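Coordinate analysis (summary)
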Amino acid sequence: MYTAHTDRYADMPYRRTGRSGLKLPALSLGLWHNFGPDRPVDTQRAILRRAFDLGVTHFDLANNYGPPPGAAESALGEALKADFASYRDELVISTKAGYLMWPGPYGEWGSRKYVLSSLDQSLTRMGLEYVDIFYSHRPDPETPLEETMGALHTAVQQGKALYVGISNYSAEQTREAARILGELGTPLLIHQPRYSMLDRRPEDEGLLDALDELQVGSIVFSPLEQGLLTGRYLDGIPADSRAASDSPFLNSDRITEDLVQQLRALDDIAKSRGQSLAQLALAWVLRGGRVTSALVGASSPQQLEDSVAAIDNLEFAPEELARIDAVIKQ
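So, here's what we can say about the structure.

Procedures and definitions
- Residue indices begin from 1 for each chain and proceed along its sequence in written order.
- In view of the model being predicted, local features appear only for residues whose pLDDT reaches at least 70, and side-chain atom pairs are presented and counted only at 80 or more, with totals across whole chains, interfaces and linings using the full set of residues.
- Based on all heavy atoms of the structure, the side-chain values leave hydrogens and waters out of the count.
- Using a 1.4 Å probe on the protein chains alone, a residue whose accessible area is under 20% of its type maximum counts as buried, one over 50% counts as exposed, and one in between counts as partly exposed.
- Helical segments are the DSSP runs of H or I of at least four residues, strand segments are the runs of E of at least two, and each set is numbered from the N terminus.
- Strand pairing is defined by DSSP finding a minimum of two bridges between the two strands.
- Throughout, an axis means a line fitted to C-alpha atoms (over the contacting stretch in the case of helices), and angles, computed between N-to-C directions, take values from 0 to 180 degrees.
- Note on contacts: a residue pair qualifies if any of its non-hydrogen atoms lie within 4.5 Å across the two residues.
- Helix span is expected to be 1.5 Å times the residue number reduced by one.
- Residues belong to a common nonpolar core when they are buried Ala, Val, Leu, Ile, Met, Phe, Trp, Tyr or Cys residues joined through side-chain atoms within 4.5 Å.
- Orienting the strands away from the viewer, one traces the path from the first strand over the helix to the second; a clockwise path indicates a right-handed crossover.

1. Things to note about the pairing of strand E10 (residues 293–296)
In E10, alternate side chains face the same way, and those of Ser293 and Leu295 on one face and Ala294 and Val296 on the other are all buried. Pairing of strand E3 (residues 27–30) with E10 involves three bridges; the strand directions are parallel. Looking across to E10, one finds that Leu27 is bridged to Ala294. Examined bridge by bridge, strand E9 (residues 217–220) and E10 share two bridges and lie parallel to one another. For Val220, the partnering residue across the bridge sits in E10 and is Ala294.

This is the structure we're talking about:
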């Protein structure tokens, strides 16, 4: 029988999400990878338990997370039943709908039929009556935004979601989504973009500015850039790494000599701060408070512990930020 650590809230900082009453931990656990039938169940459970013991109260999923799609939600459902049933009110659980889940014209994108059917399936897999945050995972170029946002509003009205969010939307699309939801009476809570030291599009394309203006929260995915910012590639491509596999998210062509030199320079900056490269990368996206939370994955409790240790030093001197920018732009 799992019993959560009594001091689980002692160290983790919690940040208010936009103008809502909901606070999220600075670091949240993403179940994108490492939660499915190809991973040991005991390891999955150990990661979730360790996360909660460290104050990570937010578990982030999507209908297609696995592999195969749906597996991560099913794995979390089993863990919730076995370990977290008595802690449900201390957890923030989110899921999304947008990517392909079943055959035919109603199995992906942003139609009302797909979005609400997907949520029902997600709740069944997780054994839940509601999720705390329900996202539109990507904009649908062929469905009116009013329809997709209306489906999110309906999920709240039905009591199947407490808050709603969007992911992978541009700044302009975010403003329009927020307007529609505001008129419906279900405020846009949060946006989930990809953001890291190596991928600054939310800054460059004005998304972070839009979120500031709208008072909408943000939770960033891939802050470690699919593992590039973990230190694994400082000496090239390890044989057991994601870049050495057939992963669609990171391939060996990305690991150039110039990139390796950048990573080594960033690692030197991390060491000067008493951090690992991964901790530096997480602290960087959380700097200044513009980002509400950063999503981290984990293949072991120890990897998760290393990520969570980033909260020990989230402050940057101006010269440190300048050094990082100089490395990235060289």
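Next comes the rest of the write-up.
2. A closer look at the sheet that holds E9
An order of E3-E4-E5-E6-E7-E8-E9-E10 is seen for the eight strands of this closed barrel, with the pairing classed as parallel. Across the sheet, the axes of successive neighbouring strands diverge by a mean angle of 30°, strand direction being ignored. Sheet topology places strand E6 (residues 131–136) next to strand E7 (residues 161–167); five bridges connect them, and they run parallel. Bridge pairing in E7 places Tyr135 opposite Gly165. Running at roughly 140° to strand E5 (residues 92–97), helix H3 (residues 112–126) makes contact with E5 and E6 of the sheet.

3. Regarding helix H11 (residues 318–329)
Because the α-helix completes a turn every 3.6 residues, residues three or four places apart line up on one side. Helix length check: H11, at 12 residues, gives a terminal C-alpha distance of 16 Å against a target of 16 Å (1.5 Å per residue), a fit within 8%. Where the residues of H11 are buried, they touch helix H8 (257–272) and helix H9 (277–286).

4. Quick notes on the nonpolar core
Ranked by internal contacts, the top residues of the largest apolar core, which has 94 residues, are Leu29 and Leu266. Element by element, the count of residues in this core is highest for H9, at nine residues. The residues contacting Leu266, other than those within four sequence positions of it, are Met197, Leu229, Leu277, Leu280, Ile324, Val327 and Ile328. In terms of nonpolar packing, the next biggest core, distinct from the first, is built from 10 residues, Val92, Tyr135, Leu189 and Ile190 among them.

5. So, the pairing of E7
A large share of E7 lies buried, amounting to five of its seven residues. For the handedness criterion, the β-α-β arrangement of E6, helix H4 (residues 145–157) and E7 is classed as right-handed. Where E7 and strand E8 (residues 188–192) come together, four bridges link them in parallel fashion. From the neighbouring strand, Ile166 faces E8, where its bridge partner is His191. The parallel pair E7 and E8 is bridged by helix H5 (residues 171–184), and the resulting crossover is right-handed.

Fair warning: the whole summary comes from geometry, so function is off the table for now.
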